[in-house]
Amino acid sequence: MPSPARTIDTSGRLCPFPIVEAAKAVKALHRGAVLLVIATDPGIALDMPMWCKATRNEHLGTFQDGRAWKSFVRKA
């Protein structure tokens, strides 16, 4: 995975909070920059790819890392 320009940790929060926070964070990034969203809600594995498709950002992958999920998004 590419090195993220920004990381946000939404651990302990349920969807849609991780997606809402990702949307805010992506707005502040330059085109092509990567955002890493850390979440404990497994719903992010389905929600992030759908949000990326809807917003035309690139979903690079969502992976489970212990009890957390790491989701990588490249700003379109």
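Just so you know, these numbers come straight off a predicted model, no measurement behind them. (Residues numbered from 1 in each chain as written. Predicted model: local features only at pLDDT ≥ 70, side-chain atom pairs only at ≥ 80, totals over all residues. Heavy atoms only, no water.)

**Student:** Can you walk me through the nonpolar core in this structure?
**Tutor:** Grouped burial of nonpolar side chains is what soluble globular proteins tend to show. Within the largest apolar cluster, 16 residues are counted, with the highest numbers of intra-cluster contacts made by Leu35, Val37, Ile44, Met48, Trp51 and Val73. Elements that contribute at least two residues to this core include exactly helix H1 (17–27), strand E2 (34–39), helix H2 (44–55) and strand E4 (68–74). If you look at the next biggest cluster of nonpolar residues, it comprises six residues, including Val34, Leu36, Ile38 and Leu60. (Core = buried A, V, L, I, M, F, W, Y, C linked by side-chain atoms within 4.5 Å. Buried < 20%, exposed > 50% of the residue type's maximum accessible area, 1.4 Å probe, protein only. Helix = DSSP H or I, 4+ residues; strand = E, 2+ residues; numbered from the N terminus.)

**Student:** Would you mind showing me how to read H2 here?
**Tutor:** For the α-helix, the turn length of 3.6 residues means that residues three or four positions removed from each other point alike. The terminal C-alpha atoms of H2 lie 15 Å apart, and with 12 residues this matches the ideal 16 Å at 1.5 Å per residue to within 8%. Inspection of H2 places Ile44, Met48, Trp51 and Cys52 among the buried residues, and these make up the whole buried set. Relative to the axis of H2, the buried residues are bounded by an arc of 100 degrees and lie together on one face. Across H2 from its buried face, at more than 90 degrees, point the exposed residues Leu46, Met50, Lys53 and Ala54. Turning to H2, the residues buried within the fold contact H1, E2, strand E3 (58–65) and E4. The positive-phi residue at the C-terminal boundary of H2 is Arg56, with phi of around 65 degrees. (Expected span 1.5 Å × (residues − 1). Arc of directions from axis to C-beta. Contact = heavy atoms within 4.5 Å.)

**Student:** What is the right way to look at the environment of Ile8 in this model?
**Tutor:** Residue position: Ile8 is located in strand E1 (residues 6–9). Separated by 14 residues in the primary sequence, Ile8 and Ala22 place their C-alpha atoms 7.6 Å from one another.

**Student:** What is the right way to look at H1 in this model?
**Tutor:** Of the residues making up H1, those classed as buried are Pro18, Ile19, Ala22, Ala25 and Val26. Around the axis of H1, the buried residues are gathered within 125 degrees of arc, so they sit on the same side. Pointing more than 90 degrees away from the buried face of H1 are the exposed residues Lys24 and Lys27. For H1, the secondary structure elements touched by its buried residues are E1, E2, H2 and E4.

No statement about biological role is implied by the geometric values presented.
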